[in-house]
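Analysis of the macromolecular model
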Amino acid sequence: MRTNTSPQRLYHSTQLLLLTFCISMTNCFAAAPDFQDFLFGACTSADPNSDFDTRCNVDSVGGDLSGDSEDSLVPTQSLANGANALAETRSRIKALRAKMQEERGEPNETEDSSSSTDTKTTFGTSGISLLFNATDGNLERLKTNLERGYETTSTKIQLGLDYRINDDWLMGALLGWDKYDTRYEGAAPGRNFIPGDSEGSSNADNFNFSVFTTIVIADNFYVDALASYSSSNYTFRRIGLFQESTRSTPTIDVITSANTDGDQLALSVGTGWDKSYGANLIQVYGRLGRFSSSVDPYSETGGAGFAMSIENKDSSETIATAGFKYSRSINTDFGVLVPQIYAEYENTLDSEVSRSLSSFVADASGTRFETLGDTPDETSARLGVAILGSFPDGWTGFISVNKLSGNDYREELRITAGIRVEL
C-alpha cells in the first residue's frame with residue numbers, strides 16, 4: 001500500500017522535528033545566548049561558597065537561565081556611560097557657542113536704518129563682562145534588541161568672564177557644574193517573570209573649565225575656537241532578575257551599585273559668514289568638533305552574586321556641522337530684541353559601535369564578556385529658535401531652544417539661557 005505524503009504534511013512534520021530538537025538545546029530560545037554561554041563558562045570557575053556559586057550550582061544547573069533572565073542580566077547599562085558623557089559634552093559646547101554668538105555681535109542694521117545702530121554695537125560691549133549660562137536638557141534613548149532604552153535629564157550651570165580685546169576679537173573662560181541623571185526602562189514581563197519598572201540608573205556630577213575665542217577676520221566672516229575639560233564622578237545602579245531555566249522557583253533580585261570617576265575633553269573650531277539686509281540677517285556657518293570621554297574601571301557590589309567588574313571605557317567622536325540661521329532686530333522701548341530661527345545638519349565622521357568588557361567579581365578565572373551596542377546613526381538634524389536681548393546699564397541675555405530630529409536612536413530637547421553684564 002502506497003502512502004501519499006502532501007507537501008503541507010511534510011512541512012509540518014519538519015517543523016515538529018525542528019521544534020523537538022530546539023527544545024533539547026540549552027539556549028535555543030534564549031534572549032541573550034552569548035551571555036548564557038558566557039555564564040556557563042564562568043560558573044565552572046565560581047569561587048566556592050560564594051553567592052555566585054550558589055546561583056550557578058544550587059539554584060540552577062550550571063547557570064542555566066530563563067530567556068527573560070538572560071536578557072535582564074546582560075550589563076548593557078554600561079554602554080550608556082560613555083554615550084551619555086559625549087552627549088552632555090556636546091550639549092555644553094552648543095551652549096558655549098550660543099553664548100559666543102551673543103558676545104560676538106553680528107553686524108546687522110535695526111529697523112530704524114537711519115540710526116546706524118547694529119547688533120555689534122548693541123551686544124558687543126567693551127572691556128570685561130561677567131557671564132552666566134544655564135542649560136536644561138532631556139535625552140531619550142530608544143530601546144533596541146541590543147541596547148536598553150533610557151531617559152536622561154540634565155542641568156548645566158556656567159559662570160565666567162570675557163574680555164573684548166578690540167572691536168573684532170573676544171576671549172573668555174567659564175567654570176561650570178553639570179549634573180545628569182539616567183533612568184533605564186524596565187524589562188517586559190514574562191512567564192513567572194515579573195520585573196520592576198526600571199532596570200537601574202546612573203548619575204553623574206561634573207566640574208568643567210572652558211575657554212573660547214572669536215575673531216572677525218574680514219567683512220562678514222569670522223572664526224572661533226573653544227576647548228572644554230570636565231571631571232566626572234559617577235554612581236551606577238543595575239537592576240535585574242535571576243530566574244533558572246524551568247521557571248519553577250521564585251526569582252531573585254539582582255541589584256548592584258558602584259562608583260567611579262571619569263573625564264571628558266572637547267575641542268571645536270568653526271567659521272561663518274553673515275550678511276545683513278536692513279533689519280534682517282542671514283548666517284551660514286560650519287563647525288568641526290572632537291569629543292572624547294573616559295570612564296575609569298569599577299567593580300559592583302551586591303547583586304546576589306552577579307556583581308561585575310567593568311573595564312575602563314574610552315569613547316570618542318568627530319562631528320561636522322553645517323548650519324543656516326535667520327535673525328531680525330526689533331527696537332523696543334526697553335531694549336533691542338533679536339529673534340532667530342536656525343537649522344543644522346550633523347554628521348559623525350568616525351562613528352564606531354559602542355562596546356564594553358565585563359567579568360563576574362566572583363569568577364576566579366576572570367572570563368570577560370563583551371557587550372556590543374547598535375551601529376551608530378551617523379547623521380541627524382537639529383532645529384532651533386532663540387531670542388537675544390540688549391537692555392539698559394550694560395545687560396544682555398539670550399534664550400535658545402533646540403531639538404534633535406532624524407536620529408534612529410535618540411530624541412533630544414535642550415533649553416539654554418544666559419545673561420551678561422558689563423563690569
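Now for a look at the structure at hand. Numbers given for residues are sequential positions, taken from 1 along each chain in its written order. In keeping with the predicted nature of the model, local features appear solely for residues at pLDDT of at least 70, side-chain atom pairs appear and are counted solely at 80 or more, and the whole-chain, interface and lining totals rest on all residues. In computing side-chain properties, one takes all heavy atoms of the structure into account and sets aside hydrogens as well as water.

**Observations regarding the overall build of the protein**
Each helix corresponds to a stretch of at least 4 residues labelled H or I by DSSP, and each strand to a stretch of at least 2 residues labelled E; elements are numbered beginning at the N terminus. Assigned secondary structure in the protein consists of 6 helices and 18 strands. Burial status follows relative accessibility: with a 1.4 Å probe on protein chains alone, a residue under 20% of its type maximum counts as buried, one over 50% as exposed, and anything between as partly exposed. Burial statistics for the protein: of 423 residues in total, 47% are counted as buried. Counting contacts in the protein only where the partners sit at least 6 residues apart, residues at least 24 apart contribute 70% of the total. Per element, the accessible surface of the protein, about 19700 Å² overall, is 58% carbon and sulfur. Throughout, a contact is declared for two residues whenever any of their heavy atoms are within 4.5 Å. Accessibility throughout is a Shrake-Rupley quantity obtained with a 1.4 Å probe, and a residue counts as covered only by protein chains that appear here.

**As for the state of the cysteines**
For this text, the term disulfide refers to a pair of cysteine sulfurs within 2.5 Å. In total, this model carries 1 disulfide according to the counting rule given. Paired by a disulfide, Cys43 and Cys56 hold their sulfur atoms 2.0 Å apart. Judged by the sign of its S-S torsion, about -70°, the cystine formed by Cys43 and Cys56 is left-handed. Taken together, the residues span a long stretch of sequence, with Cys43 in helix H2 (residues 33-43) and Cys56 in helix H3 (residues 51-57) at a distance of 13 residues.

**A few points about the pattern of salt bridges**
One side-chain nitrogen of Lys or Arg within 4 Å of one carboxyl oxygen of Asp or Glu is enough to make a salt bridge. A complete count under the given rule lists 24 salt bridges for this structure. One salt bridge connects Arg355 with Glu370, and the closest N-O pair in it is separated by 3.0 Å. Here the residue Arg355 occupies a position in strand S14 (residues 355-360), and Glu370 occupies one in strand S15 (residues 369-372), the gap between them amounting to 15 residues. On the accessibility criterion, Arg355 (43% relative accessible area) is partly exposed. Exposure remark for Glu370: the relative accessible area of 38% places this residue in the partly exposed category. A salt bridge links Glu412 to Arg414, with the nearest nitrogen and oxygen atoms 2.7 Å apart.

**Quick word on unusual backbone geometry**
Positive phi values are uncommon outside glycine, yet Asn192 reaches one of about 55°. If you trace the backbone, Asn192 turns up in the loop between strand S3 (169-185) and strand S4 (198-218). Backbone geometry at Asp393 places phi at a positive 65°, although glycine is not the residue there.

**Points about the sheet that holds strand S10 (residues 308-310)**
Two strands are said to pair when DSSP picks up at least two bridges between them. Ordered in space as S8-S10-S14-S15, the 4 strands form an open sheet in which the pairing is antiparallel. With one partner strand each, in any of the chains shown, strand S8 (298-299) and S15 form the two edges of the open sheet. Where S8 and S10 come together, 2 bridges link them in antiparallel fashion. Residue pairing in the sheet places Ser299 in a bridge with Ser309 of S10. Here, axes are lines fitted to C-alpha atoms. For helices the fit covers the stretch in contact, and angles between N-to-C directions go from 0 to 180 degrees. Contacting S10, S14 and S15, H2 runs over the sheet at an angle of about 30° to S14.

**Considering the packing of aromatic side chains**
For Phe, Tyr and Trp, where Trp contributes only its six-membered ring, two rings pair if their centres lie within 6.5 Å, and the inter-plane angle classes them as stacked under 30 degrees, edge-to-face over 60, or tilted in between. By the definition in use, this model includes 13 aromatic pairs. Residues Phe35 and Phe38 carry aromatic rings whose centres are separated by 5.9 Å and whose planes lie at 55° to one another, so their mutual orientation is tilted. Of the two residues, Phe35 and Phe38 are both situated in helix H2; the distance of 3 residues between them amounts to about one turn of the helix. As far as the burial class goes, Phe35 and Phe38 line up, both buried. With 4.8 Å between their ring centres and 40° between their planes, Phe236 and Tyr298 make a pair best called tilted. Residue Phe236 is located in strand S5 (residues 221-242), and its partner Tyr298 is located in strand S8; the two are separated by 62 residues in the primary sequence. Side by side, Phe236 and Tyr298 carry an identical accessibility label, which is buried. Members of the aromatic cluster, connected to one another through ring pairs, are Phe35, Phe38, Phe52, Phe242, Phe306, Phe360 and Phe369. As a reminder, the over-ring test applies to NZ of lysine and CZ of arginine, requiring each to be within 6 Å of the ring centre and within 35 degrees of the ring normal. The ring centre of Tyr342 lies 5.1 Å from the NZ or CZ of Lys325, which sits over that ring.

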